[in-house]
Amino acid sequence: MNLPGARERRVRTGGVELCVAELGDGDRPTVVLVHGYPDSKEVWSEVAVRLAEEWHVVLYDVRGHGRSTAPKPLRGGFTLEKLTDDFLAVIDAVSPDRPVHVVGHDWGSVQSWEFVTVGRTEGRIASFTSMSGPSLDHFGHWIKQRMTRPTPRRVGQLLGQGAKSWYVYMLHTPVLPELAWRGPLGKRWPGILQRLEKVPAGDYPTASLPDDAAHGAWLYRDNVRARLGRPRADAYAHAPVQLITPTGDSFLSERLYDDLEQWVPLLVRRSLPAKHWVPRTRPDQLAAWIGEFAAAHEAGGQEGTPVQQPAAQGRYAERFGGQLVLVTGAASGIGRATAFAFAEAGARVVAVDLDAEGAARTAELARLVGAPAAWGEAVDVSDEAAVEKLAAKVAAEYGTVDVLVNNAGIGLSGSFLETTSEEWKRVLDVNLWGVIHGCRIFGKQMAERGQGGHIVNTASAAAFQPSRALPAYSTSKAAVLMLSECLRAELAEKSIGVSAICPGIVNTNITATSRFAGTDAEEEQRLRKRATRLYGRRNYPPEKVADAILDAVVRNRAVVPVTPEARGARLLSRVSPGALRRLARLKPPL
């Protein structure tokens, strides 16, 4: 058994003997993890050890899989009714007097939908977390609705899911699946998972895979056609449900769950930028969401139960709830607005700025608008050692950052010939080297964790719009844009997205701290006031940039110009760069 420290027991039911493993304190509330096809319980090992710190965790090999025995004969031995018998036998053994929290992936989720919608389990399930496996009853009604009341959109959804379900048809063929799994497919499956799903190499899958997959074909044969053709009309969930949807799932369309609210009175939706095998590729995020949801629905609040957090209500709560987000330049402007936007989505926020008081204030307000936790940190991002120290502290105290927003920046205006080397150095230190330090140090932590992430770098419309008045600033932002494009190419294989945000004129206080090269103090003050009035009249709010940042992470967008002038400059840079060069020659009025 590849679960160090687990306690094993055997549970007999319906002519089979199930292998059940337990981790954590048996006196705590129980979380039952149900595996899918063609897996064994070990698919949950990474999630289980994380949950076991606060929960009594139970895993079992579904009949015919892993170290559980197979029914004889196989035909008719894997019906949802018999799988429900097995589930009840397991929870009667491990938690006889207390409801359990059920978590299912793939076919573990399919059968768990049966558990949570049949009358004989009512009162035995406290919550259900589903991922990558719909209810066959709900799926059957979904199909019938699209066949009896077709529209072009519904027909497209039906055809799309039909194409994704190619493997279901193959598993209904006699003998061939068994031959394939016990032959070349079984040998190559670990490599396929590593190559296509980015599943780390290790002790998963186990040596029982060929037999597990051969036996598990009967899950499909015994249930799919019967339930899809005659779905139950009373398949309503009698417990709260958390739906976690991997947005890159190759086997299931997100549209399958469009009508789920009619079947589930209390539903929480989550989305995850990952492929199908999330128990192996995203264990940290799954453990956090499972624990949070189970805690919210654990009756009684017994000692040792994790503290319930209020559900986030922001637009992007489905995507960012519970994630760790670090924002630099967070004391004001775009940085503060971005911290608040992530807070409203339920993220944990680290607000970083050279201004310690401003960073602390942002963190305080972030907690008020929805962040389950927020912290302020005073750091100069141009100081590599300081960023290294920050990264070590964040990793030790809060965990690995899921989203990094490199937003800190300063402005500098003035002609090239009047800009001193010291002024060049200061702009590049903050605007470029600050981004490099953040990407290198926090990006390395993301890559080493191996569970994806996202980096957002705030560039500017100045990155692709030359100007005689902004040579140093434009150069620094153009470098940030190219750095982002290079990083995006390199980190894609690590499932880490990189986005460059390119705002135009936004009403922030950057003008209050901008320098004007070649001017005395009085002239600089006059120009600063003039620029502040210009930005104020434009009055484009930083909240819109923050919204674009969250959208860029959700959609994994590469380059995002924000404001009409930024979009126009981006377009001209691609279709008519000569026009931009002519505009760059114009001398700004003083």
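None of these values were measured; they are calculated from a predicted model. (Residues numbered from 1 in each chain as written. Predicted model: local features only at pLDDT ≥ 70, side-chain atom pairs only at ≥ 80, totals over all residues. Heavy atoms only, no water.)

**Q** Where do I start with the environment of glycine 186 in this structure?
**A** Summarising the element assignment, glycine 186 is placed in helix α8 (residues 184-196). Sequence separation between glycine 186 and serine 208 is 22 residues; the distance between their C-alpha atoms is 9.6 Å. With residues up to four places along the chain from it excluded, the contact list for glycine 186 reads Ala180, Trp181 and Leu209. (Helix = DSSP H or I, 4+ residues; strand = E, 2+ residues; numbered from the N terminus. Contact = heavy atoms within 4.5 Å.)

**Q** Just checking my understanding: could you explain helix α3 (residues 107-117) for this structure?
**A** The α-helix winds at 3.6 residues per turn, so residues separated by three or four positions along the chain end up facing the same way. Here α3 lies mainly inside the structure; eleven of its eleven residues are buried. All buried positions along α3 are accounted for by Trp107, Gly108, Ser109, Val110, Gln111, Ser112, Trp113, Glu114, Phe115, Val116 and Thr117. (Buried < 20%, exposed > 50% of the residue type's maximum accessible area, 1.4 Å probe, protein only.)

**Q** How should the side chain of aspartate 402 be read in this particular structure?
**A** In this fold, aspartate 402 is placed in the loop between α15 (384-397) and β12 (403-406). Aspartate 402 gets classed as buried once you look at its relative accessible area, which sits at 12%.

**Q** How should I be thinking about the domain arrangement of the chain in this particular structure?
**A** Interface size is often expressed as the accessible area that is lost when the parts come together. With domains assigned, the chain is organised as domain 1 (7-301) and domain 2 (317-506 + 541-584). Once you take the C-alpha centre of each, domain 1 and domain 2 turn out to be 39 Å apart. Facing 13 residues of domain 1, the contacting portion of domain 2 comprises twelve residues. By the criterion of area lost to domain 2, the three top residues of domain 1 are Ser271, Arg282 and Gln285, representing 35% of everything that side buries. Where domain 1 touches domain 2, the interface holds zero salt bridges. (Domains from an automatic or database assignment. Buried area = accessible area lost by both parts, 1.4 Å probe. Salt bridge = Lys/Arg side-chain N within 4 Å of Asp/Glu carboxyl O.)

**Q** Please explain unusual backbone geometry as it appears in this structure.
**A** In most cases, non-glycine residues show a negative phi, while peptide bonds are predominantly trans. Omega for the bond connecting tyrosine 37 with proline 38 falls within 30 degrees of zero, at 0 degrees, which places this linkage in the cis form. A cis amide bond links tyrosine 204 with the next residue in sequence, proline 205, at an omega value of -5 degrees. By the secondary structure assignment, proline 205 is in the loop between α8 and α9 (209-229). Residues other than glycine seldom take positive phi values, yet serine 495 does so here, at roughly 60 degrees. With respect to the helices, strands and loops of the structure, serine 495 is situated in the loop between α17 (471-491) and β15 (496-503).

**Q** Can you help me understand the sheet that holds strand β8 (residues 267-272) in this one?
**A** In a beta sheet, neighbouring strands are held together by backbone hydrogen bonds and run either parallel or antiparallel to one another. If you trace the eight strands from one edge of the open sheet to the other, you get β1-β2-β4-β3-β5-β6-β7-β8, paired in mixed fashion. Because the sheet does not close on itself, it has two edges, and the strands there are β1 (7-13) and β8. In this sheet, neighbouring strand axes are inclined to one another by 20 degrees on average, regardless of whether the strands run parallel or antiparallel. The sheet contact formed by strand β3 (residues 30-34) and strand β5 (residues 100-105) spans four bridges and is parallel. Its bridge partner being in β5, valine 34 is matched across the sheet by glycine 104. Where α3 meets the sheet, it contacts β3, β4 (56-60), β5, β6 (125-131) and β7 (241-246), and its direction lies at approximately 150 degrees from that of β6. (Pairing = 2+ DSSP bridges. Axes fitted to C-alpha atoms, helices over the stretch in contact; angles between N-to-C directions.)

**Q** It is not clear to me how the packing of aromatic side chains should be interpreted in this structure. Could you clarify?
**A** Any two aromatic rings considered together are summarised by their centre-to-centre distance and by the angle between their planes. Tallied over the entire structure, the rule returns 17 aromatic pairs. An aromatic cluster is present here, built from Tyr37, Trp107, Trp166, Tyr167, Trp181, Trp189, Tyr220, Phe251 and Trp277 joined pairwise through their rings. We note arginine 221 situated over the ring of tryptophan 218; from NZ or CZ to the ring centre the distance is 4.8 Å. The ring of phenylalanine 464 has arginine 570 lying over it, and the distance from NZ or CZ to the ring centre is 5.5 Å. (Phe/Tyr/Trp six-rings, centres within 6.5 Å; stacked < 30°, edge-to-face > 60°. Lys NZ or Arg CZ within 6 Å of the ring centre and 35° of its normal.)

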